[in-house]
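The chain contents come next:
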Amino acid sequence: MSRVSIVALLSSVFALPAFAMPADLDMDGDGLASLAELQTKYPEASKDLFTEIDEDADGFINDDEFVAAVDAELLPGTTSDQ
Ligand SMILES: [Ca+2]
Ligand SMILES: [Ca+2]
């Protein structure tokens, strides 16, 4: 295997995190989840929960914050076997 294909392989692995913002959470496709979007997907989610997940307090949940919330079991993961 050439060096180039190893780099390409590693790039494709790291481009696929275990969890990412689900398309049905980020409904307007801006890459961020607002409180309204969170509560549409998770009707039981409170504003307090949203504030807890929104670590940088910019009013939106980004990919990193979503992954951290799933890791911390604040939100269910996006497994495909449901
Ligand atoms: Ca959005
Ligand atoms: Ca944020």
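Residues numbered from 1 in each chain as written. Chains lettered and ligands numbered in written order. Predicted model: local features only at pLDDT ≥ 70, side-chain atom pairs only at ≥ 80, totals over all residues. Heavy atoms only, no water.

Enquirer: Lay out the coordination of the calcium ion (ligand 2) in plain terms, naming residues and giving numbers.
Expert: Only Asp54 (OD), Asp56 (OD), Asp58 (OD), Phe60 (O), Glu65 (OE) and Glu65 (OE) from the protein coordinate the calcium ion (ligand 2), and they sit 2.2 to 2.5 Å from it. Look at where the donors of the calcium ion (ligand 2) fall in the sequence and you get D-x1-D-x1-D-x1-F-x4-E. With a gap of 11 residues between them, aspartate 54 in the loop between helix H3 (47-53) and helix H4 (63-71) and glutamate 65 in helix H4 connect regions that are remote in the sequence. A relative accessible area of 5% places glutamate 65 in the buried class. (Donors = N, O, S within 2.8 Å, 3.2 Å for Na, K, Ca; no water. Helix = DSSP H or I, 4+ residues; strand = E, 2+ residues; numbered from the N terminus. Buried < 20%, exposed > 50% of the residue type's maximum accessible area, 1.4 Å probe, protein only.)

Enquirer: Residues and numbers for the pattern of salt bridges, please.
Expert: Taken as a whole and judged by the stated rule, the model has one salt bridge. We note a salt bridge from lysine 41 to aspartate 24, for which the minimum N-O separation is 3.0 Å. Residue lysine 41 is found in helix H2 (residues 35-41), and its partner aspartate 24 is found in the loop between helix H1 (3-14) and H2; the two are separated by 17 residues along the sequence. A residue is classified by how much of its surface remains accessible, and lysine 41, at 28% relative accessible area, is partly exposed. (Salt bridge = Lys/Arg side-chain N within 4 Å of Asp/Glu carboxyl O.)

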